[in-house]
Amino acid sequence: MLKPDYPIRTQRLLLRPYAVEDLEDLYDIQSRPEVTRYLYFGARDRDQVRDALKECIAAAALDDEGARLILAVVLPETGTVIGDVMLLWTSREHRQGEVGYIFHPDHGGKGYATEAARVMLRLGFEELRLHRIVGRIDARNSASGRVLERLDMRREAHLLHAERVKGEWTDEIVYAMLEDEWHARSSAQPETTR
């Protein structure tokens with residue numbers, strides 16, 4: 001089981017479980033077509049975001065395979081939620097996980113996604129003791145690919161027409177990192193403080 005001590009502090013961010021009060025910030029993110037373009041869901045209305053927020057609030061710990069840990073990424077100086085990061089525990093037997101992230105476009109290009117996703121890799125490898133973590137993206141989402149590359153994840157596969165998303169066939173790119181790769185690289189990365 002993984003239930004971190006919250007909030008988790010990085011150099012510039014706070015990561016914490018979602019709260020009911022985050023509805024407006026989450027709506028500002030998930031209601032934008034440019035944010036959801038490469039996601040399984042489209043731009044959401046307020047009621048859909050309210051339902052999604054309930055799921056995010058419930059995802060504050062990993063208690064078994066199939067569970068997701070979803071943390072709000074907050075700018076400490078304003079308290080604004082600028083995105084979220086996710087760690088999915090895909091297999092207990094094979095010690096596998098998946099990392100993901102969604103950010104408000106006004107905060108893109110500043111390294112926030114990389115900084116926050118690195119925490120999720122640390123939690124997966126060091127706390128949950130996963131052996132392998134992947135990141136899966138729509139092949140057209142080059143910005144997300146750059147985040148995974150900055151995390152030192154290895155591009156492993158380009159799957160042609162892997163899924164039908166929003167009525168069209170899409171290619172998927174898979175990045176991955178193994179626990180020994182994480183431990184070899186983590187000493188060169190900035191420390192995460194609590």
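Whatever comes next refers back to the structure up there.
The model shown is predicted, which means the values in this text are computed figures rather than measured ones. (Residues numbered from 1 in each chain as written. Predicted model: local features only at pLDDT ≥ 70, side-chain atom pairs only at ≥ 80, totals over all residues. Heavy atoms only, no water.)

(A) Expanded view of the side chain of threonine 170. Along the polypeptide, threonine 170 turns up in strand E8 (residues 168–178). Ignoring sequence-local partners within four residues, the contact set of threonine 170 consists of Asp138, Arg140, His161, Ala162, Glu163 and Val165. (Helix = DSSP H or I, 4+ residues; strand = E, 2+ residues; numbered from the N terminus. Contact = heavy atoms within 4.5 Å.)

(B) Structural detail: the pairing of E8. For strand E6 (residues 132–138) and E8, the ladder comprises 7 bridges, and the chain directions are antiparallel. Looking at E8, one finds that aspartate 138 is bridged to glutamate 172. Direction of pairing for strand E7 (residues 154–165) relative to E8: antiparallel, over a ladder of 8 bridges. Counted as the bridge partner of arginine 154 is alanine 176 from E8. Counted between consecutive antiparallel strands, the loop separating E7 from E8 contains 2 residues, among which lysine 166 sits at a positive phi close to 55°. (Pairing = 2+ DSSP bridges.)

(C) Representation of the layout of surface pockets. There is about 1400 Å³ of room inside the largest pocket. Along its surface, the largest pocket is lined by 49 residues, and Leu39, Tyr101, Ile102, Asn141 and Ser144 are the ones closest to its centre. Tallied by class, the residues present in the lining of the largest pocket amount to 22 nonpolar, 12 polar and 15 charged. (1 Å grid on protein atoms, 1.4 Å probe; cavity = no way out; pocket = protein on both sides within 12 Å on 5 of 7 lines; lining within 4 Å. Points joined across faces, edges and corners; volume = space filled by probe spheres on them. Nonpolar A, V, L, I, M, F, W, Y, C, P; charged D, E, K, R; others polar.)

(D) Region of interest: the environment of arginine 155. In this structure, arginine 155 sits in strand E7. Judged by its relative accessible area of 47%, arginine 155 is partly exposed. In this structure the C-alpha to C-alpha distance between arginine 155 and tyrosine 175, which are 20 residues apart in sequence, comes to 4.3 Å. Side-chain polar atoms of arginine 155 contact the side chain of histidine 158, separated by 3.2 Å. (Buried < 20%, exposed > 50% of the residue type's maximum accessible area, 1.4 Å probe, protein only. Polar contact = N/O pair within 3.5 Å; in protein donor to acceptor, adjacent residues only side chain to side chain.)

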